[in-house]
Amino acid sequence: NPVELAVHIFSKYIDPTKIIGMGAFLDTIRFRREVAADLGVGRQMVRGLVIGQHGPGMVPLWSSVGAFGMDNEEGWERLRQCRDRNRVTPREAIGMVRDLLVAGNVTEAIAKVREMPADLRVLACPYVTHMTGAKTRVGTAGIVLRLIETITTGNQVLTSCQTKVCGEFLGVNSVIGVPVLLNNQGIIQIHPLDIWDEEEKAFKRSAEMINDLISQY
């Protein structure tokens, strides 16, 4: 990390469609898992994507979320409840957790994270893990293997990853997490997606953060 910087460097020397930053892929898997937990279903039944920065600038796309068997008014209402419970901004969420951790209240910090909606748990859980000195090597390795399996099956898959973007998604020029179609040839398309206005604004802010970071190197 930062994965965006690594993708930026490698893309100077290798075909960018062969460079796959796994940050947004990992965040997407985590997001689906958290939504599934709230709905009481298996992760495989949930769809949804995370774009943007792998870090504070991630943008979980509630506009892309759905679950098998829940494409009806009752299912949409359950998703709204999952999204809106205990809603705070990402900055506020991290601030609350940081204050508890600094005070040595690890148990309380973990409990606070569990009260958050799925998208904020995706952001806050890794923060708690990092700040408490825990390591996620095994979990990260598992996600890498899953990404390799996704690529090597030869099937076409819609997911998210960090890649070099030159205006193909919302007119942004950056190295950033976006929806992509993957197969065993690499990234075959940066996939267009209709998202909510607030998600688009957050994505463009994320791109600015990344570009500022990359410009320092």
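Computed from a prediction, not measured in an experiment: that's the story for all the values here.

Trainee: Looking at this model, I keep getting lost on a nonpolar patch on the surface. Mind explaining?
Mentor: Judged by side-chain polarity, Ile9, Phe10, Tyr13 and Ile14 come together as a nonpolar surface patch covering roughly 450 Å² of accessible area. Counting through the fold element by element, Ile9 comes out in helix H1 (residues 3-10).

Trainee: I'm lost on the packing of helix H4 (residues 90-102) against helix H6 (residues 118-131) in this one. Help?
Mentor: Each pair of packed helices can be summarised by the angle the axes make with each other and by the distance between the axes. Running from amino to carboxyl end, H4 crosses H6 at an angle of 30 degrees, the nearest separation of the two axes being 10 Å. Here H4 is positioned roughly parallel relative to H6, judged by the angle of their axes. Judged by the sense of rotation from one axis to the other, the crossing of H4 with H6 is right-handed. Between H4, through Pro90, Ala93, Ile94, Val97, Arg98 and Leu101, and H6, the contact on the second element is made entirely by Leu120, Leu123, Ala124, Tyr127, Val128 and Met131. Across the contact of H4 with H6, the residue classes tally to eleven nonpolar, no polar and one charged.

Trainee: Just to check I follow, could you spell out unusual backbone geometry for this structure?
Mentor: Note: most peptide bonds trans; most residues except glycine with negative phi. Its identity as a non-glycine residue notwithstanding, Leu170 has a phi of 55 degrees, on the positive side. By secondary structure assignment, the location of Leu170 is in the loop between strand E3 (157-166) and strand E4 (173-183). On the basis of relative accessibility, which here comes to 27%, the residue Leu170 falls in the partly exposed class.

Trainee: Even after reading the chapter, I still don't get the nonpolar core, so can you show me in this structure?
Mentor: Soluble globular proteins: nonpolar side chains tend toward being buried together. Counting 31 residues, the largest nonpolar core has Ile51, Phe169, Ile176, Val178 and Phe203 as its most contacted members. It is E4 that provides the largest number of residues to this core, a total of five residues. With sequence-adjacent residues up to four places away left out, Phe203 is seen in contact with Ile51, Gly52, Val59, Phe169, Leu170, Val172, Ile176, Gly177 and Val178. Among the nonpolar cores identified, the runner-up in size contains 28 residues, and Val35, Met70, Ala93 and Ala124 belong to it.

Trainee: Any chance you could explain the packing of aromatic side chains here in plain terms?
Mentor: In this structure the tally under the stated criterion is two aromatic pairs. Their ring planes at 85 degrees and their centres at 5.2 Å tell us that Phe169 and Phe203 sit as a pair that is edge-to-face. Taken together, the positions of Phe169 in the loop between E3 and E4 and Phe203 in helix H8 (residues 197-214) put the pair 34 residues apart, joining distant regions of the chain.

Trainee: How should the pairing of E4 be read in this particular structure?
Mentor: In summary, the side chains of a regular strand alternate between the two faces of the sheet. By the criterion of burial, E4 is predominantly enclosed, with ten of the eleven residues buried. Pairing of E3 with E4, which is carried by ten bridges, proceeds in the antiparallel orientation. From the neighbouring strand, Thr163 faces E4, where its bridge partner is Ile176. In this antiparallel pair of consecutive strands, E3 and E4, the connection spans six residues, and Gly167 shows a positive phi of 90 degrees.

Trainee: Where do I start with the side chain of Ser11 in this structure?
Mentor: Mapped onto the fold, Ser11 is located in the loop between H1 and helix H2 (23-39). Since its relative accessible area comes to 10%, Ser11 is described here as buried. For Ser11, the contacting residues outside a window of four places in its chain are Pro16, Ile19 and Lys164.

Trainee: Would you take a moment to explain the packing of helix H5 (residues 106-114) against H6 for this structure?
Mentor: Running from N to C, H5 and H6 cross one another at 165 degrees; their axes reach a closest spacing of 9 Å. The orientation of H5 relative to H6 falls into the category roughly antiparallel. The two elements H5 and H6 meet at a crossing, and its hand is left-handed. In this structure, H5 contributes Ile110, Val113 and Arg114 to the contact, and H6 contributes Arg121, Ala124, Cys125 and Val128.

Quick notes on the rules
- Residues numbered from 1 in each chain as written.
- Predicted model: local features only at pLDDT ≥ 70, side-chain atom pairs only at ≥ 80, totals over all residues.
- Heavy atoms only, no water.
- Patch = residues over 30% accessible without salt bridge, like charges linked within 9 Å, V, L, I, M, F, W, Y side chains within 5 Å.
- Areas by Shrake-Rupley, 256 points an atom, 1.4 Å probe, with all protein chains shown as cover.
- Salt bridge = Lys/Arg side-chain N within 4 Å of Asp/Glu carboxyl O.
- Helix = DSSP H or I, 4+ residues; strand = E, 2+ residues; numbered from the N terminus.
- Axes fitted to C-alpha atoms, helices over the stretch in contact; angles between N-to-C directions.
- Parallel < 35°, antiparallel > 145°, perpendicular 65-115°, else oblique.
- Left-handed = near helix turned anticlockwise from the far one by under 90°.
- Contact = heavy atoms within 4.5 Å.
- Nonpolar A, V, L, I, M, F, W, Y, C, P; charged D, E, K, R; others polar.
- Buried < 20%, exposed > 50% of the residue type's maximum accessible area, 1.4 Å probe, protein only.
- Core = buried A, V, L, I, M, F, W, Y, C linked by side-chain atoms within 4.5 Å.
- Phe/Tyr/Trp six-rings, centres within 6.5 Å; stacked < 30°, edge-to-face > 60°.
- Pairing = 2+ DSSP bridges.

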